[in-house]
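# Working through the structure, step by step
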Amino acid sequence: MLVADIGGTNARFAMVRDAHGPAEAITRVATDAHPGFAEAAQNGLLDHSALLPRTAVIAAAGPVTGERIPLTNANWVIEPLKLIEQLDLEQVIVLNDFEAQALALPGLEGDALEQIGPGTAQPHGAKVVLGPGTGLGVAAMVYAHGTWVPVPGEGGHVELGPVSETDYRVWPHIERLEGRITAERILSGAGLLRLSRAVASEAGLERRFATPADVTAAADSGDEIGLRTMEVFVRALGRVAGDFALTFLARGGVFLGGGIPGRISRYLAHPAFRDAFEAKAPHGALVRSIPTYLIRHEMPALEGLAAFARTPTLFAVETSGRCWRAQASAPAS
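These lines cover the structure that appears in this document, whether it is placed above or below. (Residues numbered from 1 in each chain as written. Predicted model: local features only at pLDDT ≥ 70, side-chain atom pairs only at ≥ 80, totals over all residues. Heavy atoms only, no water.)

### Focus on the overall build of the protein
The number of helices and strands found in the protein is 11 helices and 14 strands. Rg of the C-alpha trace for the protein: 20 Å, near the compact-globule value of 20 Å for 333 residues, within the 12% margin. With the principal axes as the frame, the protein shows a C-alpha extent of 60 × 45 × 35 Å. Burial analysis of the protein (333 residues in total) assigns 53% to the buried set. Of the contacts formed within the protein by residues at least 6 apart in sequence, a portion of 67% connects residues at least 24 apart. A total of about 14,700 Å² of accessible surface is found on the protein, and carbon and sulfur atoms cover 50% of it. Side-chain charges in the protein split into 28 positive and 36 negative, and the spacing between the mean points of these groups amounts to 4 Å. (Helix = DSSP H or I, 4+ residues; strand = E, 2+ residues; numbered from the N terminus. Rg over C-alpha atoms; globule rule 2.2 N^0.38 Å. Buried < 20%, exposed > 50% of the residue type's maximum accessible area, 1.4 Å probe, protein only. Contact = heavy atoms within 4.5 Å. Areas by Shrake-Rupley, 256 points an atom, 1.4 Å probe, with all protein chains shown as cover. Lys, Arg positive; Asp, Glu negative; His and termini not counted. Charge placed at Lys NZ, Arg CZ, Asp CG, Glu CD.)

### Describing the pairing of strand β2 (residues 10-15)
In terms of burial, β2 is largely enclosed, as five of its six residues are buried. With antiparallel pairing between neighbouring strands as the criterion, strand β1 (residues 2-6) and β2 make up a hairpin whose turn holds three residues. Across five bridges, the pairing between β2 and strand β3 (residues 24-30) is antiparallel. If you follow N10 over to β3, its bridge partner there is A30. (Pairing = 2+ DSSP bridges.)

### Side note on the sheet that holds strand β10 (residues 136-144)
A sheet is described by the order of its strands in space; here six strands give the open sequence β8-β13-β12-β9-β10-β11, paired in mixed fashion. In this open sheet, the two edge strands, each paired with only one partner strand, are β8 (113-116) and β11 (147-152). Neighbour to neighbour, the strand axes of the sheet diverge by 25° on average, direction disregarded. Pairing of strand β9 (residues 127-132) with β10, which is carried by six bridges, proceeds in the antiparallel orientation. The partner of L130 across the bridge, within β10, is V138. Here helix α3 (residues 97-104) sits on the sheet and contacts β9, β10, β11 and β13 (292-295); the angle it forms with β10, its principal contact strand, is near 45°. (Axes fitted to C-alpha atoms, helices over the stretch in contact; angles between N-to-C directions.)

### What to know about the packing of aromatic side chains
Think of a pair of aromatic rings as described by two things: how far the centres are apart, and how the planes are tilted against each other in angle. For the structure shown, the criterion picks out four aromatic pairs. Look at F13 and F37: their rings are 5.6 Å apart centre to centre, the planes differ by 70°, and that puts the pair in the edge-to-face class. Remark: F37 occurs in helix α1 (residues 37-44) and F13 occurs in strand β2; sequence separation between them is 24 residues. In this structure, F13 and F37 share a single accessibility class: buried. Here the aromatic rings of Y143 and W148 are separated by 5.0 Å at their centres, their planes lie at 65°, and the arrangement is edge-to-face. Residue Y143 is classed as partly exposed on the basis of its relative accessible area of 30%. Judged by its relative accessible area of 10%, W148 falls in the buried class. (Phe/Tyr/Trp six-rings, centres within 6.5 Å; stacked < 30°, edge-to-face > 60°.)

### Description of helix α6 (residues 212-220)
Among all positions of α6, only V215, T216, A218 and A219 are buried. Angular distribution of buried residues about the axis of α6 spans 155°; they occupy a single face of the element. (Arc of directions from axis to C-beta.)

### Some details on the pattern of salt bridges
Counted by the stated rule, this structure contains 21 salt bridges. Across the pair K82 and E79 runs a salt bridge, and its minimum N-O distance is 3.4 Å. Relative accessible area serves as the criterion here: at 46%, K82 is assigned to the partly exposed category. (Salt bridge = Lys/Arg side-chain N within 4 Å of Asp/Glu carboxyl O.)

### Here's the deal with the packing of helix α5 (residues 189-203) against α6
It is at 8 Å that the axes of α5 and α6 come closest, and there the two elements cross at 55°. Relative to α6, α5 is oriented oblique. As α5 runs across α6, the sense of the crossing is left-handed. Within the contact between the two elements, α5 uses G189, L192, L193 and S196 and α6 uses P212, V215 and T216. (Parallel < 35°, antiparallel > 145°, perpendicular 65-115°, else oblique. Left-handed = near helix turned anticlockwise from the far one by under 90°.)

### A look at the side chain of S196
Locating S196 in the fold gives a position in helix α5. Assessed through its relative accessible area of 2%, S196 is described here as buried. Among the polar contacts made by the side chain of S196, one reaches the main-chain carbonyl oxygen of L193 at a distance of 2.7 Å. The contact partners of S196, leaving out residues within four places of it in the chain, are F209, V215, I225 and T229. (Polar contact = N/O pair within 3.5 Å; in protein donor to acceptor, adjacent residues only side chain to side chain.)

### A word on the side chain of D97
One can find D97 in helix α3. Nearest to the buried, unbridged D97 among oppositely charged side chains is R12, at 8.1 Å.

### A closer look at α1
All of the buried residues in α1 are F37, A38, A40, A41 and G44. The arc that holds every buried residue of α1, seen down its axis, measures 170°, which confines them to one face. Buried residues along α1 sit against β1, β2, β3, β4 (55-60) and α2 (80-86).

Quick look at the structure:
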């Protein structure tokens, strides 16, 4: 099987030979360097491998609805029936990208995780993965009837309002989308830049960071706006993570993935993150018992897809409407 994790910034590919083998021939290419999935898969992996996949399991950064699946934060449109022809495949399965991240959660352990703050995970407790990166992805894993059930969604687009005095001063300066301030408007790469402009505007100071890395570098160097931005960012991330911990009663833990958390681990280790996570009256004591983790695995979504490809019976993945087969004109159940 060919497994692929397609995000707004990077496209990651690997092969899985059989039910016992690891993911191999792992590669990563820039999404915007290729016009579409087939070209990226061919140039990034297939041209350099002797393996010929018969099935592709794809995680796409966007809602999987219909036969044309546009990515939320990139210009690609994934069309499974075309991919079957272009790559000579027998079957294509398309999942949400954070559904793939969720599939990895039961198998992550050891150096793949770094715990932030207190809490003890229950072995079969629900798990939530939250990933600020190009966008903000959210998914959950729920254990039922002896199997893990991934629950994908578009939780990154829930609304995020002000709570603290600082929030109330900064929020009026945040650029809105059709009148809304969503979690993704702040908790993403573009959101970090957006938030830095709002913080600078509220302070009456001029800062024009070109990239999200510029914001974190400024904070690391002691820049006032950079530090204020990171404080608001990690508190907002803690609040949203705590909200999803309550939503799913995530006694198995809340896991931070995506491209940003690993780069700001020093700020996540500050009490501000867990303080915001736990400030969930009247259920503060409940949330305090829930652990939070930073995912240190380099490619967790690929690991999740590989786990599903090897032993699909371990997961209750709904493939109706998301599985296409050769010579079919519509999604197969």
